[in-house]
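Here is how the chains run, residue by residue.
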Amino acid sequence: MLWDSQRYLARHGFIIERGQALVDLLDPQAGERILDLGCGTGDITAAIARRGAQVVGVDASAAMITHARERFPRQDFRVADAAALPFHKEFDAVYSHAVLHWVPRASEAARGIARALQPGGRLVAEFGGHRNCEALETAFAGALRRITRQDYRSPWFFPRLSGYAARLELHGLVVRAAWYFDLPTPLKGEDGLRQWFIQFLPHHLDGLDEATREAVLAATEAALKPALWRDRAWWADYRRLRVVAERAI
Ligand code: BEZ
């Protein structure tokens, strides 16, 4: 997927804010070596570095890495695929926020994370879990089908907690704690819902002519308004998995 990093910062900065809360759970210590897996714009990489850790930020998107390097020129950013990580026992911790639901090759990701960690090193991750964005995807799929006759293709993998934890353990990590919870998330502005679809589903929207695209977005908004518009804001039906694990010794 081609990322629009400017739109991400302007409209979906709340994802970065949420990532800060996960940094508190990571609790990085001065001198620790930490991998920020799926670093995006690099804001969290820089926040972890401000706590005194040595951080490497990796992202599969070359455009995001270019943008991150421009924003934080002193940080170490590299292009790398989460399902093919090139590291061997280099890190005390792997941090990952809002990324692993983009990685359906979860076994490869788990294996690469375990390999990247020192024995006893920790993984702290949060991402979309089972039925994440179910209302959003269902409404969009219906509007797309009715208006364009195209079938919706989800770019995401939203696993159940038990299956994901088992996968991590199978590939060399020991799960210490895990949570699955609802996280209704306000989107910014009256056009927040359509901005979310424009950001995250370009593979469907970019190919449509202006009028068709508008019709799909308007029909999606109309379908979701009764459930997701309240207190003068759109609320995305996020459901999260949060996992703390460590590499088996
Ligand atoms: C999430 O954080 O759950 C998410 C973000 C963007 C697209 C889909 C899900």
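Residues numbered from 1 in each chain as written. Predicted model: local features only at pLDDT ≥ 70, side-chain atom pairs only at ≥ 80, totals over all residues. Heavy atoms only, no water.

A. Fine view of the packing of helix α6 (residues 134–148) against helix α10 (residues 210–228). One way to put it is that α6 packs onto α10 with a least axis distance of 9 Å and a crossing angle of 140°. Of the possible angle classes, the one that applies to α6 and α10 is oblique. In terms of crossing hand, the pair formed by α6 and α10 is right-handed. Here Ala 135, Leu 136, Ala 139, Phe 140, Ala 143, Leu 144, Arg 146, Ile 147 and Thr 148 of α6 lie close against α10, whose contacting residues are Thr 212, Ala 215, Val 216, Ala 219, Thr 220, Ala 223, Leu 224 and Leu 228. Taken together, the residues of the contact of α6 with α10 break down into 13 nonpolar, three polar and one charged. (Axes fitted to C-alpha atoms, helices over the stretch in contact; angles between N-to-C directions. Helix = DSSP H or I, 4+ residues; strand = E, 2+ residues; numbered from the N terminus. Parallel < 35°, antiparallel > 145°, perpendicular 65-115°, else oblique. Left-handed = near helix turned anticlockwise from the far one by under 90°. Contact = heavy atoms within 4.5 Å. Nonpolar A, V, L, I, M, F, W, Y, C, P; charged D, E, K, R; others polar.)

B. The arrangement of the side chain of Glu 32 in detail. Note on placement: Glu 32 falls in the loop between α2 (13–26) and β1 (33–37). Given the relative accessible area of 15%, Glu 32 is considered buried. Sequence-distant contacts of Glu 32, defined by excluding residues within four places in its chain, comprise Asp 27, Ala 53, Gln 54, Asp 92 and Arg 122. (Buried < 20%, exposed > 50% of the residue type's maximum accessible area, 1.4 Å probe, protein only.)

C. Structural context of the pairing of β1. For β1, a buried count of four out of five residues is recorded, marking the element as mostly surrounded by other parts of the structure. Note that β1 and strand β2 (residues 54–59) share five bridges and pair parallel. Considered in β2, the bridge of Leu 35 is made with Val 56. In this structure, β1 lies alongside strand β4 (residues 91–97), joined through three bridges in parallel fashion. From the neighbouring strand, Ile 34 faces β4, where its bridge partner is Ala 93. (Pairing = 2+ DSSP bridges.)

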